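Fold and contact review
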Amino acid sequence: MRWGVPSIIAAVFLGVVVLFLDGDLMIAKLFLGIGALCLLAAGIYLPAGRRSVSAGYLNLTIAAQVRRPLLALSIIEAVLMGIAYLPMIIHMTEPTGVSTVSLVTAMLIPVVILVLVMMNYRVVRRLLPPGPETLRKYGLSGQIVGPPVPPGPTPGHPREWGPPRA
């Protein structure tokens, strides 16, 4: 399956589920909706990691540019889902008109979103692991790291124009 497609499908599904939660959970719905958008962004951004690996080559710059935003989205997601739990805890402790099904669903959505975003980051971290020796050798210069060059004569400079040399 393509990278990111499960996250995009889950983000759309969870976004629709958030729309149907009770209206009394408005603050939680707001944060859950933003969380679903973060999951959608992670799912859309994930295929960029695939571009950095092709035919045995690894572009370190693209790999780093994919890992950093996914880590940031994971951290933002954790904070947002923690904030989303606060109004739900208030509704659980006080008698309100919120249905139990809506409350339980709203309590499960942050866990699902957070697990999916962390899984996206873990996939990218595992599939794009430039080792320390590669980073020391090439840095994040944008060079494409490929298989080792076969031994043999190194190509010289192109011949200068002019009459043939004897």
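Described in the following lines is the structure provided in the data block. (Residues numbered from 1 in each chain as written. Predicted model: local features only at pLDDT ≥ 70, side-chain atom pairs only at ≥ 80, totals over all residues. Heavy atoms only, no water.)

Description of the overall build of the protein
Summing up its helical and strand segments, the protein has 6 helices and 3 strands in all. Along its sequence from the N terminus, the protein presents helices and strands in the succession α-α-α-β-β-α-α-α-β. Looking at the protein as a whole, 35% of its 166 residues are labelled buried. Looking at the protein as shown, the accessible area adds up to about 10,800 Å², and 70% of this sits on carbon and sulfur atoms. (Helix = DSSP H or I, 4+ residues; strand = E, 2+ residues; numbered from the N terminus. Buried < 20%, exposed > 50% of the residue type's maximum accessible area, 1.4 Å probe, protein only. Areas by Shrake-Rupley, 256 points an atom, 1.4 Å probe, with all protein chains shown as cover.)

A closer look at the packing of helix H1 (residues 5-19) against helix H2 (residues 26-45)
Interhelical geometry of H1 versus H2 gives an angle of 165 degrees and a closest axis separation of 8 Å. By the angle class used here, H1 and H2 are roughly antiparallel. In this structure, the crossing between H1 and H2 has a hand that is left-handed. Of the residues in H2, those touching H1 at Ser7, Ile8, Ala10, Ala11, Leu14, Gly15, Val18 and Leu19 are Lys29, Leu32, Gly33, Ala36, Leu39, Leu40, Gly43 and Ile44. Of the residues contributing to the contact of H1 with H2, the split by class is 11 nonpolar, 4 polar and 1 charged. (Axes fitted to C-alpha atoms, helices over the stretch in contact; angles between N-to-C directions. Parallel < 35°, antiparallel > 145°, perpendicular 65-115°, else oblique. Left-handed = near helix turned anticlockwise from the far one by under 90°. Contact = heavy atoms within 4.5 Å. Nonpolar A, V, L, I, M, F, W, Y, C, P; charged D, E, K, R; others polar.)

A look at the nonpolar core
General note: in soluble globular proteins, nonpolar side chains tend to be found buried as a group. If you look at the biggest cluster of nonpolar residues, it comprises 33 residues, and the most contacted ones within it are Leu25, Leu32, Leu39, Leu70, Met88 and Ile109. Residue assignment for this core shows that the elements contributing at least two residues are H1, H2, helix H4 (60-93) and helix H5 (100-127). Beyond its immediate sequence surroundings of up to four residues, leucine 70 is in contact with Ala42, Leu46, Asn120, Tyr121 and Val124. (Core = buried A, V, L, I, M, F, W, Y, C linked by side-chain atoms within 4.5 Å.)

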